[in-house]
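Remarks on the overall topology
Listed here are the chains, written in short residue letters.
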Amino acid sequence: MMSLENPVHHMQNPVHEDSYNPLTPNEIHELFSLVLESEQQQQPSSNRSSSSSETNRSIYTAEERKHRRMASNRESARRSRRRKKTHVENITNEVNRLKIENRELKNMLCLLSHDCHLVQSDSDRLLSESIYLQHKLAGLHQILAYSTAQQLQY
């Protein structure tokens, strides 16, 4: 049986040098650990406890994987929190921008309403003035017609 101290040094890298994504030494080490665990599970129970270093090695590797997984989860959670914080900041900025835009639109509406009221007042005043002038003109037409009729009689 081959020595289990450091299986990476006893075997050459099975991945070709020209391949796109070669395995790292840690990944190779993890693969060997999985193979060893599999072999240990297939052996009878009397042979399983024959080498305490093999057992310690697989426990250490499982523990190491657990720590790596926990570190990876922490980093993933950190990235998730950062994304959430950025998202909340973006939404907050958008809310503030929309509040400002809403305030500007309300101010513009108020100004336009005031202008509309002024124009309506001018329109009402001009309509009244027009009616008054039409009545005055109608009265002048009557006076002119009466005056013309009087002159024609003489």
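Residues numbered from 1 in each chain as written. Predicted model: local features only at pLDDT ≥ 70, side-chain atom pairs only at ≥ 80, totals over all residues. Heavy atoms only, no water.

Observations concerning the overall build of the protein
For the protein, the count of helices and strands is 4 helices and 0 strands. Each helix (α) and strand (β) of the protein, taken in turn from the N terminus, gives the series α-α-α-α. Every one of the 154 residues in the protein was classed for burial, and the buried ones make up 9%. As displayed, the protein offers around 13500 Å² of accessible surface, 57% of which is attributable to carbon and sulfur atoms. (Helix = DSSP H or I, 4+ residues; strand = E, 2+ residues; numbered from the N terminus. Buried < 20%, exposed > 50% of the residue type's maximum accessible area, 1.4 Å probe, protein only. Areas by Shrake-Rupley, 256 points an atom, 1.4 Å probe, with all protein chains shown as cover.)

Looking at the side chain of R65
Residue placement: R65 occurs in helix α4 (residues 52-153). In contact with R65, not counting residues within four places along its chain, are E30, L34 and E37. (Contact = heavy atoms within 4.5 Å.)

Considerations on the confidence of the model for the protein
For the protein, the mean per-residue pLDDT works out to 81, and 73% of the residues sit at or above 70. Predicted confidence for residues 1-19 stays below pLDDT 50, and this span has 20 contacts to residues more than four positions away or in other chains. (pLDDT = per-residue confidence, 0-100.)

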